[in-house]
Structures are given as structure tokens and as C-alpha cells.
Number of protein chains: 2
Amino acid sequence: MFQPISISDAAAKIRAGHISPIELLEQCLDQIRRYEDRLHAWVLVDEPGARQAAERLGREKPRGPLHGIPIGVKDIIDTAGLPTRAGSPLRAKHLATADAPLVAALRRAGAVILGKTVTVEFACFDPPPTLNPWNVRHTPGGSSSGSAVAVATGMCLGALGTQTGGSLVRPSAYCGIVTCKPTFAALSTDGVVPVSHHLDHPGTMARTVGDVKIMLRCLRDVDDGRPPVRRPLDVDADATGPPRLGLLEQFFMEEADEPVCNVTQAALAKLRDGGAWIEPVVFRDGFEQVAPMHRRIMAVEAAAYHREPFAASRPSYGPMIAELLDEGLTISAVDYADALVWRREYSRRAASLLENVDALIMPATDTTAPATLATTGTPKFQAPWSCAGLPVVSIPCGLAGDGMPAAVQLVGPRHDDMALLQVAKWCERCFAFDQAPPL
Amino acid sequence: MFQPISISDAAAKIRAGHISPIELLEQCLDQIRRYEDRLHAWVLVDEPGARQAAERLGREKPRGPLHGIPIGVKDIIDTAGLPTRAGSPLRAKHLATADAPLVAALRRAGAVILGKTVTVEFACFDPPPTLNPWNVRHTPGGSSSGSAVAVATGMCLGALGTQTGGSLVRPSAYCGIVTCKPTFAALSTDGVVPVSHHLDHPGTMARTVGDVKIMLRCLRDVDDGRPPVRRPLDVDADATGPPRLGLLEQFFMEEADEPVCNVTQAALAKLRDGGAWIEPVVFRDGFEQVAPMHRRIMAVEAAAYHREPFAASRPSYGPMIAELLDEGLTISAVDYADALVWRREYSRRAASLLENVDALIMPATDTTAPATLATTGTPKFQAPWSCAGLPVVSIPCGLAGDGMPAAVQLVGPRHDDMALLQVAKWCERCFAFDQAPPL
């Protein structure tokens, strides 16, 4: 049986000398040898580079909170010396000459960069070869598919991903791991192949809330000229009392299928038993506009970025992204401008839902991972928060009747990512979900 | 001879009981009676409303730093009970039912809202009826034309304006007053008729740096859910030593005409005499892309806002704005998206010019106010900073050979508006420009 280890436990063991970075790396490489041929989580495992880093870190004093921790990097994020293929044949010969600031921040914190994880083609829609470790007939979700599967199976202890629609939360929920999509623009997107610059969010994926938080703190240590986020404070979660949560029955509980509703209701009952105050909140505007507006912004911005290679090499694009780009190329500037104005106003109104609660709570996905490899699922439950730019933490909370994990997502006030992670830690303790994929 | 009084002096006299709010208001109304028929600074002087406010404030304890100070509001900013006509016949029957948050903030600080000042039609290009008090054959600049003229002539002590291209800095420079265009998004644009939501900046206009600073501090006291700006600190300017200034000879000194260059060189000499360290800085990218990209963003966003009324009532639009809207309606979304990506990258690179200096310095306009009423001048010197979103303070520094005032603009680091105003105060003392229009 697979025995996962958390980043915080592994880091403590390394600091105490109970395990060396190279021993921890070998455990991850063992998992890769066992399961990678079946699951296809990696584009490239940089075994020599990782070994070299782990050996060097083993001789050094601890550099930071990720000292000796093997981390996977979604293959749209530049990692010096490795290709950034972004799931596209067009980038087969790419070579990144420098680390993206996020990767550099991980290295500064002591991380061992283990390799590049599979992404859906250009982080859009066309399904990747990756399979779900809970049941290989089910999609792992996307587009951060490889990161989710690698973390879920202990091939690495944490991973970087990105979300434009639902690409962090959906694969994390489908694969039973935790993710944090921080406030929009809180993390650098330099050195990341863009999808849509008004919607792209890098984020962290790991097996516990504490772990995504450790990673996030390291990533915010990036000097790219942006103003710092509002609340750098980091009170210990244990000091946090039961939270006030706003339940979005509207749209989310209405559109979720029965198995997801059942797991969510059971999770809410555990939170109430723990003392949480949970009341329904209603978004007067509704969420109906999100899907078309999100699609419009994403189509235009992706089309602007891909315009030249798409014109030159159309057959190298998958059918789903080609449809998106065709759509984006036909939209008028004023319609796109309308969508950006809508996004700004929607973001402000959505943020006002947080006025009287610590966080919003709702299912992370409308179904568990669909039993198909033809789609990575729908972003309908995740896109509302990619549009709003509010921070999200998704936490697995139980197994549905089909044996697949389900998750709730918590949404917090803008720039209060760390406070939201405190609330998430509290909830995670109530859920006490500690199952691993039946490998 | 016109004897201007500053906001800070007037406020001190009111606090000391040496003058009452109603007496101060009467001085402004006297100026309006003397010069308004000739200069056309106002769309509407709310004499009864202003009297009522001044009388009430005269009986109250000081509410804030603007207690009893008459302020003009550009007629694209909602002021409860008054129309917001935005210089357009289409809005002749408009009535604002609530104050824009900026106007509400002024009232909270004790300001007497004196009325609505003339704006260029929808704050774009078509010249208004307003004349320059230094010479009525010269444009006052635009689009905040009325605000600049009203302040320059003592019809009010301060005014609100807005800038999309150069609409705060240009009329202020042409009319010999001070303005601050704060960091992009530092001030609320709620209740302000938009031109271009990626470029619109509200700002303050007055006769001294201290005065625009007092107003700006009051305006930032707006609760609209945005995060606070980075440095709320406000050390007294007198404690500030000579600044390090980066001189933009590139583009600005190259494209300025000889009279403006001469006034600027004389101003730089005064700063050096005062102890300022001034060295040229070079922007590797150049500023050539600014004009076309600025125009594209502005055209699209204005066209998106005006789309329906423009289709329905085209003859009600002036020729210059109609040309802008026609242009915006034909642009593709991907071209507009490219411009937004350019703006983001340009903003970051422009901000890096501030790395080793306290502020950048350059002429505020390429010429003094042109001797024509057919244009409000070109935004070429102001648009680079509207695009970059960096804070700007424009300070009159001398008269050119034609007897018209010229100004330098200082550009500071993002979010450091208050620190920039400190530098500006230091420079203002060196310039010792204290001339008023020859009324």
C-alpha cells in the first residue's frame, strides 16, 4: 500500500537528519518507476539533475522550507536546461535557458526540481495521455493533469500548476489532492506559456493544506516589481477558531450531481459538528454569464498569443484548441472590451459575497472525474473564481459512490490567501480525508 | 491684480476663524462673476447649494482638511442633484442621484462643491468653449479644461479632473497650475463617465503641490473594496533632502520646442543649484509605440462604451470623437489584446526607469498652449505615463517667450504617490514660480 508523506513531515525529517534528500528522491523515483508507464504523469523526469541537486542539498545546511523536497513543474513553466513543450509538437525542440521566477523561488527554498509534468496542449482542452490513479478509465482532469497525478501517487511531494478556467482545482479534486489558486496576479507569470493574461493563475498542488501553504509562501518570495500582497501575516492555524462559511447552494449545489452533493453534505455536517457557522449566501447576479464571458476572454487572448504559429502550422494544433483560436480570431475588439468590463464589475460584486463570512464553500467540481478520456471535464465550477480572481483552496473531503474522490472548494477575500489557507486547514482537520489512490 | 490663496492657507484661516467658509465662497463667486463670461470654465455653478454648504460648515467644527474650501468638479464626475453632462448634448437631461465616491470623499473632508467644470466632449478631443486665462487666443488644453481655468483664476481653490491621455497634466501646464495624476487605479472611477477603463485616471488640480496633496489624501479615503496603496506614510516635505532625478532627454527634450526646452533647462539649473542630483536616463524601448498603442486601447474602450448611443445618435457626436469611435469599432479583439499585453509589459519596463532615482523629470508638454482654439494640444508627452500608470506631478516652472506658462512633470514609482509629492514640493520651492494669469 502506498504511504504518502507530506512536505512538512519530509522537511522535518530532513532537518532532523532522519532522511536525506537523496533518500527522499529515491522514494519518489521508485514511485515513478512503478506507475509512470501506466499513468503518464511526466513529460520528462530529470533524474540526473534531481540527483545532483539532492546530493548537493544533502551536504548543505537547510536553505529554506523546501530543502530537499522533490517538486514537479507543469510543462508550461520554464525550468532552466529543460524544454518547455506545453503539450504541443510545435515546441518539441524548445529549451528554456532560464528558470521562471516561480521555479527559481522553489530552488531558493531548497526544492529539488524533479521534472516536467504533463499539461493539456497549451493548457487548454485537448485531453493528454495522463490517466487517473484512482481509476484509469477516468480522466485525471486538466490542464495540470500530470502535476495532479504525480502528487497523488507520491512521484513528487508537491507540484506547480496553473489555472485559466479550472486547471488547478479540477485535476486536484479528481485526483484527491489539495490545491491553492491564489489571488489573481499574486504570483509571477513570467516564464509561463500564457493562455489568457486576464485569467491565468499559477498555483500550488500537494497532499495537504499545510503543504500547499508552505509552497505558496516560498513562491511569493519573488521579486518581479509587483506590490506585495496585503496581509503577509501567518498566524498558526491551530489558533484559528471555527470559521463562518457562506454556502453557495445557488448554481453549485443545484448543478452538482447527486454523488457530489452527498459527499458535500456529509462534509458540511462534519464542519458543523466541528463548530463552523454555515449559512447560504446568494449572488444576486447569478453565475450564468461566467461561462460565455470566460470563454470569450480566453479565446481572444489565446488567439492573440497563438496568431502567427496558428496561421503557419494549423495542423499542429488539436481540434479543441483550434476551435478556441478560430473563435478568438473572429471576435471584435468592442465585444472583448465588453467582456473585460464585465469581468471587472463581476469581480467586485463576487468579492462582496465575502463581506460577512471568512470564506465561501461549495463543491469543487460538478461531478467526480468522468469515466472517459475524451474530455478533462468542465470548468463550470472553477471558472467563476478564475474570472473573479479570488483565492481558492480545494480540499478532498470524501469518496463518492463510484470510488472516486470529491472535493469542496473554499473561496476567500482578495489578497487574503494566507487567511484562506488557515480556514482551509481547519476544514481539512474536520474532513480527516486520508485515503490514497488504490495503487 | 488677482491674489490667489492656497487651500492650505485658506483652510488655516478658516480654522483660526480669520475667514468664514461663506466669505471664502464669496471671493470665488466674485472671480466667477468677473471672468466666467469671458472664459467659460463652468457648465454649472451651484451657487445655492454651495452657499448652503458653506453656511452650514461655518457653524460646524472642522470636518477635515478641506473644511469650507470651494472645489470644482469636472463634468464627467457625478455630483448628487446636478447633471453630469460630459460635454455632450446627449446628456443634457442627465441628473446624478448620488455622489461619485470621490465627490463624497471631498464632502466628508469638508469641501464646498461649487459646481461642474467644462470638459471636452466625453473627455476626448473636440475643443470646448473654455479659453486660456493667460491669453484667450490660446487653448486652455483639455479635457479637464474648465477645472484648470477655474483653479488658475481663483474661481475655486482646487478641482477634480481626469486623464486618459493627458487631460490633467496638459491643461494644468497650459494654465500654470499644479496637478497630480496618481498611480493607475489608486482612486475610484465609480460615478465617472468612462473613456477607457485601462487608461482613465482621476486626479487633483490646485495651485500648489501642497494643495493637490491635501486633496489627494482626502480622495484616498474612499472605501470601494480596493486594496490600500502601498505607502500611507506622509513625512513632512521639509524633512526631505534634495532628490535624485532621472532626466528624460530622450524623446521629451528632443521633441519639445525651443521655448519649452529653455524654460526646462532653467528649471533644471534651479534644481541643481538647490542640490538635486540630475542625470539622464535612457528608456531602451523608446516611446515610439506609445501613441499608436494608446490610441488603439482608447479607441476600442471608448467605442465599447458608446457603441449603442453612437449607432443611434451619431450626429450628436463631435467629429474628433466620432473618428475615434469609428476606429474603435473596426479593430479586432486580437489586435486590442496585443495592445493590452504591450501596455502591461511597457508598464513594467517603464517602472524600471525608477530603480535608481526618486523621480523622472521632463517637460510636461512639448509646447506651451498653442495659439489656437481648434485643438486642445497633443497628449504625446502625457500619454507615456497614462499608459504606464505611474504617478505624475506637473509643476509650473516659468514663462516662455510667448508669455505662456510651461511646466515640468515628475514621474514616480508605482503606488508611491505621496513620496513623489514630497519630491515635487522640494522642486516647487526651487522653481518659486508664483505668477498668476494677467487678468
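Residues numbered from 1 in each chain as written. Chains lettered and ligands numbered in written order. Predicted model: local features only at pLDDT ≥ 70, side-chain atom pairs only at ≥ 80, totals over all residues.

### Quick word on the interface of chain B and chain A
Here is step 1 of the chain: Counting from both sides, the interface comprises 24 residues of chain B and, opposite them, 24 residues of chain A.
Here is step 2 of the chain: For the side of chain B that touches chain A, the secondary structure elements donating two or more residues are α10 (290-312), α11 (319-330) and α12 (333-351) of chain B.
Here is step 3 of the chain: With ten residues, α12(B) is the single largest residue contributor to the side of chain B that touches chain A.
Here is step 4 of the chain: Considering only residue class, the side of chain B that touches chain A consists of twelve nonpolar, five polar and seven charged. (Contact = placed C-beta atoms within 7 Å. Helix = DSSP H or I, 4+ residues; strand = E, 2+ residues; numbered from the N terminus. Nonpolar A, V, L, I, M, F, W, Y, C, P; charged D, E, K, R; others polar.)

### Some remarks on the nonpolar core
Here is step 1 of the chain: Formed by 287 residues in total, the largest nonpolar core has its most connected members in A:Ile71, A:Val112, A:Leu410, B:Ile71, B:Val112 and B:Leu410.
Here is step 2 of the chain: When residues of this core are assigned to domains, at least three map to each of domain 1 (7-241 + 358-431) and domain 2 (290-347) of chain A.
Here is step 3 of the chain: In this view, B:Ile71 contacts B:Leu66, B:Leu106, B:Ala111, B:Val112, B:Ile113, B:Leu114, B:Cys156, B:Leu157, B:Gly158 and B:Ala159; residues no more than four positions away in its chain are not counted. (Core = buried A, V, L, I, M, F, W, Y, C linked by C-beta atoms within 7 Å. Buried ≥ 20, exposed ≤ 12 C-beta atoms within 10 Å, placed from the backbone. Domains from an automatic or database assignment.)

### Here's the deal with the sheet that holds strand β8 (residues 277-280) of chain A
Adjacent strands of a sheet form backbone hydrogen bonds with each other and so pair up, either parallel or antiparallel.
Residue and element names in this part refer to chain A.
Here is step 1 of the chain: The strand order across the open sheet built from eleven strands is β1-β3-β2-β4-β6-β5-β10-β11-β9-β7-β8, with neighbouring strands paired in mixed fashion. Strands at the two margins of the open sheet, each flanked by one partner only, are β1 (42-45) and β8. Strand after strand, the sheet turns through a mean of 30° between neighbouring axes, direction not considered.
Here is step 2 of the chain: Judged from the seven bridges that link them, strand β10 (residues 392-399) and strand β11 (residues 405-411) form a sheet pairing that is antiparallel. Counted as the bridge partner of Ser394 is Gln409 from β11.
Here is step 3 of the chain: Where helix α9 (residues 258-273) meets the sheet, it contacts β7 (244-247), β8, β9 (359-363), β10 and β11, and its direction lies at approximately 105° from that of β10. (Pairing = 2+ DSSP bridges. Axes fitted to C-alpha atoms, helices over the stretch in contact; angles between N-to-C directions.)

### Brief notes about the packing of helix α9 (residues 258-274) of chain B against helix α14 (residues 417-431) of chain B
All names here are of chain B.
Here is step 1 of the chain: Where α9 contacts α14, the two axes come as close as 9 Å, and the packing angle between them is 105°. Classified by the interaxial angle, the pair formed by α9 and α14 is roughly perpendicular. Contacts between α9 and α14 pair Ala267, Lys270, Leu271 and Gly274 from the former with Cys427, Cys430 and Phe431 from the latter. (Parallel < 35°, antiparallel > 145°, perpendicular 65-115°, else oblique.)

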